[in-house]
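Understanding the architecture of this molecule
Residue-level listing of the chains:
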Amino acid sequence: GSGAASNDDVGEFVRVVYVNRDGSRREVRGKVGENALELAHRCGVDLEGACECSLACSTCHVYVDDKHFAKLPEPTDDENDMLDLAFGL
């Protein structure tokens with residue numbers, strides 16, 4: 001090999017579970033701080049991102065389990081405005 005470290009060789013990791021519309025679950029491992037949409041695409045999870053990660057739409061919004069939600073920082077005004085556009089929230 002090239003000797004370059006792969007994404008799995010360095011850093012801290014988290015378990016991310018994507019739940020599809022049909023209820024099926026896909027568990028993947030991502031690096032702490034990794035973009036959730038890019039992680040989904042890298043792992044073959046079909047998640048729409050109409051604005052290609054520019055935070056200009058709400059197509060890739062996610063739900064966070066209550067036990068982890070309190071660990072997140074408060075959403076910014078821009079984030080709250082974008083979630084106002086998300087279907088079904």
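See the structure above.
Below you will find a few notes about this structure. Just so it is clear, the model here is predicted, and its values are computed rather than measured.

Thresholds applied
Residues numbered from 1 in each chain as written. Predicted model: local features only at pLDDT ≥ 70, side-chain atom pairs only at ≥ 80, totals over all residues. Heavy atoms only, no water. Helix = DSSP H or I, 4+ residues; strand = E, 2+ residues; numbered from the N terminus. Contact = heavy atoms within 4.5 Å. Areas by Shrake-Rupley, 256 points an atom, 1.4 Å probe, with all protein chains shown as cover. Core = buried A, V, L, I, M, F, W, Y, C linked by side-chain atoms within 4.5 Å. Buried < 20%, exposed > 50% of the residue type's maximum accessible area, 1.4 Å probe, protein only. Pairing = 2+ DSSP bridges.

Our focus in this paragraph is the overall build of the protein chain. Along the backbone of the protein chain there are three helices and two strands. Taking the intrachain contacts of the protein chain between residues at least 6 apart in sequence as the baseline, contacts between residues at least 24 apart amount to 21%. Split by element, the accessible area of the protein chain, about 7,300 Å² in all, is 50% carbon and sulfur.

So, on to the nonpolar core. In summary, soluble globular proteins display a tendency toward joint burial of nonpolar side chains. Among the nonpolar cores identified, the biggest contains eight residues, and these are Tyr18, Val28, Leu37, Leu39, Ala40, Cys43, Val45 and Leu47. Examining the composition of this core, we find that three residues originate from one element, helix α1 (residues 36-42), more than from any other. What Leu39 contacts, discounting residues up to four positions off in sequence, is Val16, Tyr18, Val28, Arg29, Gly30 and Glu34.

Looking at chain direction, strand β1 (residues 13-19) and strand β2 (residues 25-31) are connected through seven bridges and run antiparallel. If you follow Val17 over to β2, its bridge partner there is Glu27. In textbook terms, the turn of a hairpin is the stretch between consecutive antiparallel strands, and for β1 and β2 this stretch comprises five residues, one of which, Gly23, has a positive phi near 90 degrees.

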